[in-house]
Amino acid sequence: MVSYKELGLVNTREMFAKAINGGYAIPAFNFNNMEQLQAIIKASAETKSPVILQVSKGARNYANQTLLRYMAQGAVEYAKELGWEHPQICLHLDHGDTFEVCKSCVDFGFSSVMIDGSSLPYEDNIALTKKVVEYAHQYDVTVEAELGVLAGVEDDVQAEESHYTKPEEVIDFATRTGCDSLAISIGTSHGAYKFKPEQCTRDPQTGKLVPPPLAFDVLDAIMEKLPGFPIVLHGSSSVPQEYVDIINTHGGKMPDAVGIPEEQLRKAAKSAVCKINIDSDSRLAFTAAVRKVFVDKPGEFDPRKYCGPARDEMTKLYKHKIIEVLGSAGKAE
Ligand SMILES: [Zn+2]
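All values derive from a computational prediction rather than experimental measurement. (Residues numbered from 1 in each chain as written. Predicted model: local features only at pLDDT ≥ 70, side-chain atom pairs only at ≥ 80, totals over all residues. Heavy atoms only, no water.)

**Examining the overall build of the protein chain**
Here comes step 1: Of regular secondary structure, the protein chain possesses twelve helices and 13 strands.
Here comes step 2: In terms of overall size, the protein chain behaves like a compact globule, its C-alpha atoms giving a radius of gyration of 19 Å where 333 residues would be expected to give roughly 20 Å.
Here comes step 3: Expressed along its principal axes, the backbone C-alpha trace of the protein chain runs to roughly 60 × 50 × 35 Å.
Here comes step 4: Looking at the protein chain residue by residue over its 333 residues, the buried ones come to 57%. (Helix = DSSP H or I, 4+ residues; strand = E, 2+ residues; numbered from the N terminus. Rg over C-alpha atoms; globule rule 2.2 N^0.38 Å. Buried < 20%, exposed > 50% of the residue type's maximum accessible area, 1.4 Å probe, protein only.)

Now the structure itself:
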């Protein structure tokens, strides 16, 4: 048993309370490798933003859970080296699907876990979430649950169709499970192809796809039922066109990739939405930077010479999200 407190990590409780009162959201960035983690920590330290490091099932399979946990521990020390006196870093399990996986993360030094029972029948979702909450709270680990189904594909999580969260269920669900935050479905979606072209309209000027707006009426109804309760948005990458263009002009093929406009995320961050998950955008930044080096310098074979620029591009992206979209800069001095 390793307590996250020994590792210098924090859970989400205080972060979320401050974010709701302050009208901003905490960035939740997924990481799978060293360069991504360095970029996240550098961006957070330079902007003094609280941050949630997310580990998905795919990341655990790819990079090994033990290694990732030690990397997160190292991240706290790295943040201090960068001059961030009191780093507020949470290590969070993204989309835990069983009690056993959540328990192993709690036992292993994670400060927060998500139990995603959203694909289960309502009562089964409650029972599973409650079981995880009862275990995690013994160790002061916070728990995110999910109600409603997001469309899209991300690692092992995928669904054909989305089902908006039903506002009439949220009080019962939050009360009976005791969860600390709730991921909801209001039209965000996993991956870089969030919407099919037929769900979008096309901007007549640029020919680019314009996605359907988020269901802010559903969010409002949920906030009315659960005033002050922390809400989470998954699948909130905006799929920056500049990266898609670099990828497509440097040997890639990503036609009609489309995300959530940052305007809408900015609006959500000002509400009870206090955690916004961004994964695909950093994948795009990484891939665009690597593809560019490969095309511009075909003789390059030192991974540091293409992972380095990828890291710089991700750092730029994370800082942009923190400062311009989530509003969390300066909230963890
Ligand atoms: Zn997700």
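**Let's talk about the pattern of salt bridges**
Here comes step 1: Here the structure, examined in full by the defined rule, presents 22 salt bridges.
Here comes step 2: Two residues, Glu14 and Lys18, come together in a salt bridge whose shortest N-O distance is 3.4 Å. Of this pair, Glu14 and Lys18 are both found in helix 1 (residues 13-22), four residues apart, which corresponds to roughly one turn of the helix.
Here comes step 3: Given the relative accessible area of 54%, Glu14 is considered exposed.
Here comes step 4: For Lys18, a relative accessible area of 38% gives the class partly exposed.
Here comes step 5: Close ionic contact of Asp296 with Lys292 constitutes a salt bridge, the shortest N to O distance being 3.0 Å. Here Asp296 and its partner Lys292 are both found in helix 11 (residues 280-296), four residues apart, which amounts to about one turn of the helix.
Here comes step 6: Ionic contacts of the salt-bridge type, sharing partners, join the residues Lys5, Arg13, Asp140 and Asp180 into one network. (Salt bridge = Lys/Arg side-chain N within 4 Å of Asp/Glu carboxyl O.)

**Some points on the packing of aromatic side chains**
The description of an aromatic ring pair rests on the distance of the ring centres and on the angle between the ring planes.
Here comes step 1: Applying the stated criterion across every chain yields a total of five aromatic pairs.
Here comes step 2: When the centroid spacing of 5.3 Å and the interplanar angle of 55° are considered together, the rings of Tyr135 and Tyr139 count as tilted.
Here comes step 3: A residue is classified by how much of its surface remains accessible, and Tyr135, at 13% relative accessible area, is buried.
Here comes step 4: Their ring planes at 65° and their centres at 4.7 Å tell us that Phe294 and Tyr306 sit as a pair that is edge-to-face. Of this pair, Phe294 sits in helix 11 while Tyr306 sits in helix 12 (residues 303-326), and the two are twelve residues apart along the sequence. (Phe/Tyr/Trp six-rings, centres within 6.5 Å; stacked < 30°, edge-to-face > 60°.)

**Comments concerning helix 11**
Here comes step 1: In this model, helix 11 (17 residues) spans 24 Å end to end at C-alpha, consistent with the 24 Å of a helix rising 1.5 Å per residue.
Here comes step 2: Turning to helix 11, its buried residues number three or more, namely Ser280, Asp281, Ser282, Leu284, Ala285, Phe286, Ala288, Ala289, Val290 and Val293.
Here comes step 3: Turning to helix 11, the residues buried within the fold contact helix 2 (34-47), helix 9 (241-249), strand 13 (273-278) and helix 12. (Expected span 1.5 Å × (residues − 1). Contact = heavy atoms within 4.5 Å.)

**A short note on the nonpolar core**
Here comes step 1: With 99 residues, the main nonpolar core has Phe31, Leu53 and Ile89 as its most contacted residues.
Here comes step 2: With nine residues, the top contributor of residues to this core is helix 12.
Here comes step 3: Here Phe31 is in contact with Gln36, Leu37, Ile40, Leu53, Gln54, Val55, Ala59, Leu68, Met71 and Leu91, once residues within four sequence places are set aside.
Here comes step 4: Ile20, Ile26, Cys90 and Cys274 belong to the second largest nonpolar core, which has ten residues in total. (Core = buried A, V, L, I, M, F, W, Y, C linked by side-chain atoms within 4.5 Å.)

**Some details on the packing of helix 6 (residues 122-137) against helix 7 (residues 170-177)**
Here comes step 1: Orientation of helix 6 relative to helix 7, taken along the N-to-C sense of each, is 35°, at an axis distance of 8 Å. Crossing of helix 6 over helix 7 shows right-handed handedness. Contacts between helix 6 and helix 7 involve Tyr122, Glu123, Asn125, Ile126, Thr129, Lys130 and Val133 on the former and, on the latter, Asp172, Phe173, Arg176 and Thr177.
Here comes step 2: Tallied by class, the residues present in the contact of helix 6 with helix 7 amount to four nonpolar, three polar and four charged. (Axes fitted to C-alpha atoms, helices over the stretch in contact; angles between N-to-C directions. Left-handed = near helix turned anticlockwise from the far one by under 90°. Nonpolar A, V, L, I, M, F, W, Y, C, P; charged D, E, K, R; others polar.)

**Considering the packing of helix 5 (residues 99-107) against helix 6**
Here comes step 1: Where helix 5 contacts helix 6, the two axes come as close as 10 Å, and the packing angle between them is 15°. By the angle between their axes, helix 5 is roughly parallel relative to helix 6. Crossing handedness for the pair helix 5 and helix 6: right-handed. For the pair formed by helix 5 and helix 6, the contact residues are Phe99, Cys102, Lys103, Val106 and Asp107 on the first element and Leu128, Lys131, Val132, Tyr135 and Ala136 on the second. (Parallel < 35°, antiparallel > 145°, perpendicular 65-115°, else oblique.)

**Thoughts on the sheet that holds strand 5 (residues 142-147)**
Here comes step 1: Taken in spatial order, the eight strands line up as 1-2-3-4-5-8-12-13 and close into a barrel, and their pairing is parallel. Neighbour to neighbour, the strand axes of the sheet diverge by 25° on average, direction disregarded.
Here comes step 2: Pairing geometry for strand 8 (residues 181-184) and strand 12 (residues 231-233), over two bridges, is parallel. Residue pairing in the sheet places Ala183 in a bridge with Val232 of strand 12.
Here comes step 3: Contacts between helix 1 and the sheet are confined to strand 1 (26-30), strand 2 (51-55), strand 3 (89-96), strand 5, strand 8 and strand 13, with strand 13 contributing the most and set at about 110° to the helix. (Pairing = 2+ DSSP bridges.)

Just geometry here; none of it tells us what the structure is for.
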